[in-house]
Amino acid sequence: LQVLRDVEESFDEAAATRLVPFVGDLREAAFGLNDETVRALGLADATAVWHLAAALDLTETNSKDVFETNVGGTRHLLEFMRRHGIRDMHYFSTF
């Protein structure tokens, strides 16, 4: 959250109480998190996801990794949202 505060002058501190940032791997189901960690996220009241994760490599050398992260990762995210009853996704893309 500190990064948001640093880059966004009008960051609403009240929003910080509703945001649950976490680190995971989009290429893995449930982001590679175990059930205990997912429960600890407290998703019962979650209504939306902000999807900003991506791999960007315009060379052909890592095209498989980029596809697995961007396409496969989005599929994993949608499945995670479905499983937890989260209906809205705010998707950001560089293209």
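Computed from a predicted model, the values in this text were never measured in an experiment. (Residues numbered from 1 in each chain as written. Predicted model: local features only at pLDDT ≥ 70, side-chain atom pairs only at ≥ 80, totals over all residues. Heavy atoms only, no water.)

A word on the layout of surface pockets. Quantified by volume, the largest pocket comes out at close to 1300 Å³. Around the largest pocket, the lining comprises 31 residues; the ones closest to its centre are Leu19, Val20, Pro21, Val49 and Trp50. Secondary-structure elements contributing two or more residues to the lining of the largest pocket are α1 (2–7), β1 (48–51) and α4 (63–83). A breakdown of the residues in the lining of the largest pocket according to their chemical character gives 23 nonpolar, 5 polar and 3 charged. (1 Å grid on protein atoms, 1.4 Å probe; cavity = no way out; pocket = protein on both sides within 12 Å on 5 of 7 lines; lining within 4 Å. Points joined across faces, edges and corners; volume = space filled by probe spheres on them. Helix = DSSP H or I, 4+ residues; strand = E, 2+ residues; numbered from the N terminus. Nonpolar A, V, L, I, M, F, W, Y, C, P; charged D, E, K, R; others polar.)

Checked against the element boundaries, Thr69 lands in helix α4. For Thr69, the contacting residues outside a window of four places in its chain are Leu26, Arg27, Ala54, Ala55 and Thr74. (Contact = heavy atoms within 4.5 Å.)

On to the pairing of β1, then. Looking along a regular strand, one sees the side chains alternate between the two faces of the sheet. Going residue by residue along β1, you find Val49 and His51 tucked away on one face and Ala48 and Trp50 left uncovered on the opposite face. With 4 bridges joining them, β1 and strand β2 (residues 88–91) adopt parallel strand pairing. Across the sheet, residue Trp50 finds its bridge partner in β2, namely His90. (Buried < 20%, exposed > 50% of the residue type's maximum accessible area, 1.4 Å probe, protein only. Pairing = 2+ DSSP bridges.)

On to the nonpolar core, then. The biggest cluster of nonpolar side chains holds 12 residues, and these are Leu26, Ala30, Phe31, Leu33, Val38, Leu41, Leu43, Val49, Leu77, Phe80, Met81 and Ile86. Ranked by the residues each element gives to this core, the list is headed by α4, at 3 residues. (Core = buried A, V, L, I, M, F, W, Y, C linked by side-chain atoms within 4.5 Å.)

Among the surface-exposed residues, Leu1, Val3, Leu4, Val7 and Leu19 lie close enough to one another that they form a single nonpolar patch of about 420 Å² accessible area. Relative to the helices and strands, Val7 resides in helix α1. (Patch = residues over 30% accessible without salt bridge, like charges linked within 9 Å, V, L, I, M, F, W, Y side chains within 5 Å. Areas by Shrake-Rupley, 256 points an atom, 1.4 Å probe, with all protein chains shown as cover. Salt bridge = Lys/Arg side-chain N within 4 Å of Asp/Glu carboxyl O.)

To continue, consider the pattern of salt bridges. Counted according to the given criterion, the structure contains 5 salt bridges. Here Arg5 ties to Glu13 by a salt bridge, and the two come within 2.8 Å at their closest N and O atoms. As a salt-bridge pair, Glu79 and Arg82 come within 2.6 Å of each other at their nearest N and O atoms. Highlighted residues: Glu79 and Arg82, both in helix α4, separated by 3 residues, approximately one helical turn. For Glu79, a relative accessible area of 32% gives the class partly exposed. On the accessibility criterion, Arg82 (57% relative accessible area) is exposed. One salt-bridge network, held together by shared partners, links Glu79, Arg82 and Arg83.

Moving on, we come to the packing of aromatic side chains. Scanning the model with the defined rule gives 3 aromatic pairs in all. Geometrically, the ring pair formed by Phe22 and Phe31 is tilted, given 5.5 Å between the ring centres and 55° between the ring planes. A relative accessible area of 6% places Phe31 in the buried class. Here the aromatic residues Phe22, Phe31 and Phe80 are joined through ring pairs into a cluster of three or more. (Phe/Tyr/Trp six-rings, centres within 6.5 Å; stacked < 30°, edge-to-face > 60°.)

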